[in-house]
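Observations on the model geometry
Take a look at the letters that make up each chain.
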Amino acid sequence: MNKDNKDENKEKSQISKKLLILIIVVLFLIPTVFCIVLFIKLNKLNDELDRIRQLKIERILVAQKRSAEAEMIASMLSFAQNEASKKKALMLKAAEEERIRTAKGRVYLTFDDGPSENTEDVLKILKKNDIKATFFVIGRTDEKSLKRYKKIVNEGHTIAMHSYTHNYGLIYASLKNFKEDYYAISDLIYNTTGVRCKYYRFPGGSSNSVSKIDMNLPAKFLKDEGVEYFDWNVMSGDAVRISLSEKVLYENVMAGVRSMKDSVVLMHDSLGRGTTVRALPRIIKSLKKENYLILPIDETTPVVHHRIRKFS
C-alpha cells in the first residue's frame, strides 16, 4: 500500500513538474510571440512611414518643379511684356520724332487774364483735343479761382504769371511796385498749386507805352529771379476788341501762324471772351489738319520778346 502511494505520489510529482515546465515554456513563449508580432507590426509601420516620407518627398519635388516652372513662365511673360513695352515706347518715340520732324511748325496757345468761367470751357476744349496750352494768370483768391489754378496744373498745362493786380498804373509806377506785385502772384500760385512759376508776361507786353519805368529794369529783375518773360508774335485780336466775331478771331490766328515757324498766340480766357472760347475748336482743328505741333511753353520754347534786352 505504501509502495502504491509512493508510486502515485511520484507520478503526481512528475505530472506537476511537467505542468510547471509547460507553464514556464508557455509564459516564455507568449512574450516572445508578442515581441515577434510587435516587431512585424513595427516593420510594417516603418515601411508605411518610409512610403509616406517618399510620397511627401515626391510631392515636394513635384511642387518645387511646378513652382520653378511657374516662376519660369512668369519670368518669360514679364520679359515678353517688358520687351513689348520697350518696343511700343520705341515706336511711340519714333512716331513722335517723325511727327516733330515733319511738322509745319510749333504753335503755343496762350491765354491771358484768367482764371474765369471761360477758363473752364477752354480747359474742356483742350482736354477733348488732347493738347496742352499756357495760362498767364492774374491774382484771384476766391474759391473757384483757386480751384481753377489747381485744375490748370493738374491737367498738365503750363501755369504762368501775368501780374497780381493787372493794374498798369500801379504795377509800372516803380520797380518797387513791380516787385511787390510779382511776389504776390508768384506766392499765390505756389501756395495754391505747389508750382513756382518760371514764366511771366508783362501786362500790355514788354513794349507797352504806359510804364513809368524803363522796362529793362523789370526784365532784368525777372532774369535775376530765374524767370523768363514771354511776349507774343501772333494775336487773335480779342485783346483789341471784344466784339470781334469768331470768324475774325480764327482768321487772325491762322494768318499769323501761317506766317511763322514758331508761333506764340495771344488769346484771353477772361470774362467777356466767349467768342474766343467758341473760336478755339475751329482753330485747333485747322492747326492739327495743317500739321502744326500745339505745345505748352517750356524751357525748349523759342523766346519771343518785343524789346531787345539792354542788360547782360
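Please read all numbers here as calculations on a predicted model, not as lab measurements.

Topic: the pairing of strand β1 (residues 105-114)
For β1, a buried count of nine out of ten residues is recorded, marking the element as mostly surrounded by other parts of the structure. By the bridge criterion, three bridges tie β1 to strand β8 (residues 292-294) in an arrangement that is parallel. Its bridge partner being in β8, G105 is matched across the sheet by Y292. Of the pairings in the sheet, the one linking β1 to strand β7 (residues 262-268) comprises seven bridges and is parallel in character. Bridge pairing in β7 places V107 opposite S263.

Side note on the packing of helix α3 (residues 143-154) against helix α5 (residues 175-193)
To describe two helices that pack against each other, one gives the angle between their axes and the distance between the axes. In contact at an axis separation of 9 Å, α3 and α5 are set at 75° when each is read in the N-to-C sense. It follows from the interaxial angle that α3 and α5 lie roughly perpendicular. Of the residues in α5, those in contact with L146, Y149, K150 and V153 of α3 are L188, T192 and T193. The residue makeup of the contact of α3 with α5, split by class, is four nonpolar, two polar and one charged.

Let's talk about the nonpolar core
With 48 residues, the main nonpolar core has L109, F135, F178, F202, L222 and L287 as its most contacted residues. Counting residues per element, this core draws most heavily on helix α8 (residues 274-289), which supplies six residues. Not counting chain neighbours up to four residues away, the residues in contact with L222 comprise F178, Y182, Y200, F202, V227 and Y229. Counting ten residues, the second-largest nonpolar core is a separate cluster that includes A160, F230, V264 and V304.

Calculation notes
Residues numbered from 1 in each chain as written. Predicted model: local features only at pLDDT ≥ 70, side-chain atom pairs only at ≥ 80, totals over all residues. Heavy atoms only, no water. Buried < 20%, exposed > 50% of the residue type's maximum accessible area, 1.4 Å probe, protein only. Helix = DSSP H or I, 4+ residues; strand = E, 2+ residues; numbered from the N terminus. Pairing = 2+ DSSP bridges. Axes fitted to C-alpha atoms, helices over the stretch in contact; angles between N-to-C directions. Parallel < 35°, antiparallel > 145°, perpendicular 65-115°, else oblique. Contact = heavy atoms within 4.5 Å. Nonpolar A, V, L, I, M, F, W, Y, C, P; charged D, E, K, R; others polar. Core = buried A, V, L, I, M, F, W, Y, C linked by side-chain atoms within 4.5 Å.

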